[in-house]
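Per-entry structural report
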Amino acid sequence: GIIFLEDPDVEVWTYHTWFGLFLFIFLVIASTVSYFRRFKKGREVLDGITSRWKIPDKVKWWVMVGLLPAAAYLFIYCNYICVFYNANTFDSALPFFHILYRYALGFFPYLIAACFIGGVIMTYFNSSRFKMPDSMPGAMLFASLLPICSCGAIPIGRAMLETGKIRVRTIISFMMVAPVLSPIVIPLSFELGIEFVVARIVGIMFLAAITGILVEKFTGVKEEGKGGKAYSCVGCPKSGKVKTVATKSPFIASWNLLLTLGPPISQGILIGALVAKYVPAEVLAPFLTSSVLSIFVIGLIALPLYI
């Protein structure tokens, strides 16, 4: 029968719920700090505080070294729970803080792994010895080999942009294909038939290529260096903590990437938990039909949530 990890009484606060409460406070603080950094006065105040409490590179290195096995352990732990126990992550009957805890716990391994991969890209793929795929087909193939989710593709895409050697169209196509054609998704897709698999592969590659070209056209690309081998995104913000030339260590680069993307990802985690709690699946069920209108409506609902 079903084995419960904890008391199924949703009115009882477990250690998961309390941990979610402290996590909520931390995420709100991270999001608030990110908001104040948008203003000049806020940046001056925050930079004055952080300048007094500068973290040594050695500490950053060891923190990232420790986070990697922790992420691997949580990945195995979360999958073990899903397979052997009854653990509905997005059960709206659970307390909000409990849902937030489960949501963050399941996402953490992908975030750390993606930041480390991004750190490796920023460190080693700026040199002439290694080269990231600069074509859209190459980027799509690379994306299909990585077992990451859509949020996990963000740190890698940001790192690819920071190298200054990969076109925007290539990065966009990578970020679109990664969560749809990963080694985790494709085997599951065969459960729906070979026709579905073929349509999925062809459809996402076509959409990724078209979208990459359109985004690059609207953001603008400036070719730099000899023979136009380096690129910069004209429409992209220039400010940020990530500096690709600041370190030769992939661990330090992944730390910088984690700090840069931490605040917006914290906001995404909070929004995801709020949707799971207060927008249960039953609300969207009437739209989940096979009609063309239903597909259009559910797309309009899903797009802002994804962004």
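What counts and what doesn't
Residues numbered from 1 in each chain as written. Predicted model: local features only at pLDDT ≥ 70, side-chain atom pairs only at ≥ 80, totals over all residues. Heavy atoms only, no water. Helix = DSSP H or I, 4+ residues; strand = E, 2+ residues; numbered from the N terminus. Expected span 1.5 Å × (residues − 1). Buried < 20%, exposed > 50% of the residue type's maximum accessible area, 1.4 Å probe, protein only. Axes fitted to C-alpha atoms, helices over the stretch in contact; angles between N-to-C directions. Parallel < 35°, antiparallel > 145°, perpendicular 65-115°, else oblique. Left-handed = near helix turned anticlockwise from the far one by under 90°. Nonpolar A, V, L, I, M, F, W, Y, C, P; charged D, E, K, R; others polar. Phe/Tyr/Trp six-rings, centres within 6.5 Å; stacked < 30°, edge-to-face > 60°. Contact = heavy atoms within 4.5 Å.

Brief notes about helix H9 (residues 194-219)
- For H9, with 26 residues, the first-to-last C-alpha span of 37 Å sits near the 38 Å given by 1.5 Å per residue.
- Of the residues making up H9, those classed as buried are Val197, Ile204, Ala208, Ala209, Gly212 and Glu216.
- In the segment just after H9, Gly220 is the residue with positive phi, at about 85 degrees.

Focus: the packing of helix H4 (residues 96-124) against helix H10 (residues 250-278)
- In contact at an axis separation of 8 Å, H4 and H10 are set at 150 degrees when each is read in the N-to-C sense. One way to sum up the angle between H4 and H10 is to call them roughly antiparallel. The hand of the H4/H10 crossing is right-handed.
- In terms of residue class, the contact of H4 with H10 is made up of 25 nonpolar, six polar and one charged.

Here's the deal with the packing of aromatic side chains
- One pass over the structure, following the stated rule, counts nine aromatic pairs.
- A ring pair is formed by Phe96 and Phe97, whose centres lie 5.5 Å apart and whose planes are at 65 degrees; its orientation type is edge-to-face.
- In this structure Phe97 comes out as buried when scored by relative accessible area, which is 18%.
- With a centroid separation of 5.6 Å and an interplanar angle of 25 degrees, the aromatic rings of Phe142 and Phe174 are classed as stacked. Highlighted residues: Phe142 in helix H5 (residues 136-144) and Phe174 in helix H7 (residues 168-177), separated in sequence by 32 residues.
- For Phe174, a relative accessible area of 0% gives the class buried.

A few points about the environment of Leu67
- Looking at the element boundaries, Leu67 is found in helix H3 (residues 57-84).
- Between the C-alpha atom of Leu67 and that of Phe116, which follows or precedes it by 49 residues, the distance is 9.9 Å.
- In this view, Leu67 contacts Phe108, Ile112 and Leu258; residues no more than four positions away in its chain are not counted.

Describing the environment of Glu162
- With respect to the secondary-structure elements, Glu162 resides in helix H6 (residues 150-162).
- Given the relative accessible area of 23%, Glu162 is considered partly exposed.
- For Glu162 and Ile121, which are 41 residues apart along the polypeptide, the C-alpha to C-alpha distance reads 9.3 Å.

Regarding the packing of H6 against H10
- One way to put it is that H6 packs onto H10 with a least axis distance of 11 Å and a crossing angle of 120 degrees. For H6 against H10, the interelement crossing comes out right-handed. Contact residues: Ile154, Pro155, Arg158 and Ala159 in H6; Leu257, Thr260 and Leu261 in H10.
- Grouping the amino acids of the contact of H6 with H10 by side-chain chemistry returns five nonpolar, one polar and one charged.

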